[in-house]
Amino acid sequence: MPVYYGLEIKLHPQVYEPAEDTFLLAENLAVEEGDVALDVGTGTGLIALLMARKASYVLGVDLNPIAVELARENALLNGIRNVEFRLSDLFENVSGKFDVVTFNAPYLPGEPEEPIDLALVGGKTGREVLDRFIMGVPDYLKPGGTVQIVQSSITGVEETLGRLEKAGLTAKVAAKRHVFFEDIVLINAQAKW
């Protein structure tokens, strides 16, 4: 079983395996001691479990039921109890406000055909899921809260920054990693309220 950042993580062929984009987020998490955090599109649960080291409570959500089950198993495997995982299409089954919200956005154009595709395919242009997330996220942020989005340069970083600003957040590129034919970019956005 692979170990990431000291955590044993079970994998499943229908759940996105932690990769460069996951590691970019993992190495730049904005979570502070005692925060309440939300990980959207949690996959194996790795990011949620890493945030749980500092956060008082972490909620991880995913649209893929296999991912939700796997993330729960990974929490048990590592004895982490201040984290909860539930099935949710973005914010559908989420309530409350959070200090930090993370999202490793799917960005390939197309329609998902099997569970693993939910982690990769972001709709017709590749931006649909990300744009829905940006529209919804302000309602779930505490004053001064932080949103961390990982996305590919393929999907239009400037457009994401612009949309976050329109949503009332101050956004900037916080980190970047070049992989094959694209840049994986981490965007940090802060609530202005």
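You'll find the structure just up there.
Residues numbered from 1 in each chain as written. Predicted model: local features only at pLDDT ≥ 70, side-chain atom pairs only at ≥ 80, totals over all residues. Heavy atoms only, no water.

**Student:** Honestly, the packing of aromatic side chains in this entry has me stumped. Any pointers?
**Tutor:** Each aromatic ring pair is summarised here by two numbers: the centre-to-centre distance and the angle between the ring planes. Tallied over the entire structure, the rule returns five aromatic pairs. When the ring of tyrosine 4 is compared with that of phenylalanine 23, the centres are 5.8 Å apart and the planes differ by 35°; the resulting orientation is tilted. With tyrosine 4 in strand S1 (residues 3-4) and phenylalanine 23 in helix H1 (residues 20-26), this residue pair connects regions lying 19 residues apart in the sequence. Among the residues examined, phenylalanine 23 registers a relative accessible area of 17% and is labelled buried. Among the aromatic residues, those joined into a cluster by ring pairs are Phe91, Phe103, Phe133 and Tyr140. (Phe/Tyr/Trp six-rings, centres within 6.5 Å; stacked < 30°, edge-to-face > 60°. Helix = DSSP H or I, 4+ residues; strand = E, 2+ residues; numbered from the N terminus. Buried < 20%, exposed > 50% of the residue type's maximum accessible area, 1.4 Å probe, protein only.)

**Student:** I keep staring at the sheet that holds strand S4 (residues 57-62) and nothing clicks. Help me out?
**Tutor:** Adjacent strands of a sheet form backbone hydrogen bonds with each other and so pair up, either parallel or antiparallel. Sheet architecture is open: seven strands sit in the order S5-S4-S3-S6-S7-S9-S8, paired in mixed fashion. Both edges of this open sheet fall to strand S5 (83-87) and strand S8 (169-179), since each of them pairs with a single strand only. Neighbour-to-neighbour, the strand axes of this sheet turn through a mean angle of 15°, independent of strand direction. Strands strand S3 (36-40), strand S6 (98-104) and strand S7 (141-152) of the sheet are contacted by helix H4 (residues 128-136), whose axis makes an angle of about 170° with S7. The strands touched by helix H5 (residues 157-166) within the sheet are S7, S8 and strand S9 (182-191), with S8 carrying the most contacts at an inclination of about 160°. (Pairing = 2+ DSSP bridges. Axes fitted to C-alpha atoms, helices over the stretch in contact; angles between N-to-C directions. Contact = heavy atoms within 4.5 Å.)

**Student:** Any chance you could explain the pattern of salt bridges here in plain terms?
**Tutor:** Oppositely charged side chains may form a pair once their charged atoms are brought near each other. This structure, assessed with the given rule, holds twelve salt bridges. Arginine 177 is the salt-bridge partner of glutamate 20, the closest N and O atoms lying 3.1 Å from each other. Taken together, the residues span a long stretch of sequence, with glutamate 20 in helix H1 and arginine 177 in strand S8 at a distance of 157 residues. Given the relative accessible area of 35%, glutamate 20 is considered partly exposed. With relative accessibility at 24%, the residue arginine 177 sits in the partly exposed group. Linking arginine 127 and aspartate 131 is a salt bridge whose minimum nitrogen-to-oxygen distance equals 2.8 Å. (Salt bridge = Lys/Arg side-chain N within 4 Å of Asp/Glu carboxyl O.)

**Student:** What is the right way to look at the side chain of arginine 127 in this model?
**Tutor:** Structurally, the position occupied by arginine 127 is in the loop between S6 and H4. A relative accessible area of 5% places arginine 127 in the buried class. In this structure the side chain of arginine 127 is engaged in a polar contact, spanning 3.0 Å, whose partner is the side chain of threonine 160. If sequence neighbours within four positions are ignored, arginine 127 has contacts with Gly122, Ile134, Gln151, Thr155, Gly156, Glu159, Thr160 and Arg163. (Polar contact = N/O pair within 3.5 Å; in protein donor to acceptor, adjacent residues only side chain to side chain.)

**Student:** So what exactly am I meant to see when it comes to the pairing of S8 here?
**Tutor:** Put simply, side chains in a regular strand alternate between the two faces of the sheet. Alignment of S8 against S9, held across ten bridges, turns out to be antiparallel. Bridge pairing in S9 links lysine 176 to valine 185. Two successive antiparallel strands, S8 and S9, enclose a turn made up of two residues, where phenylalanine 180 displays a positive phi of approximately 50°.

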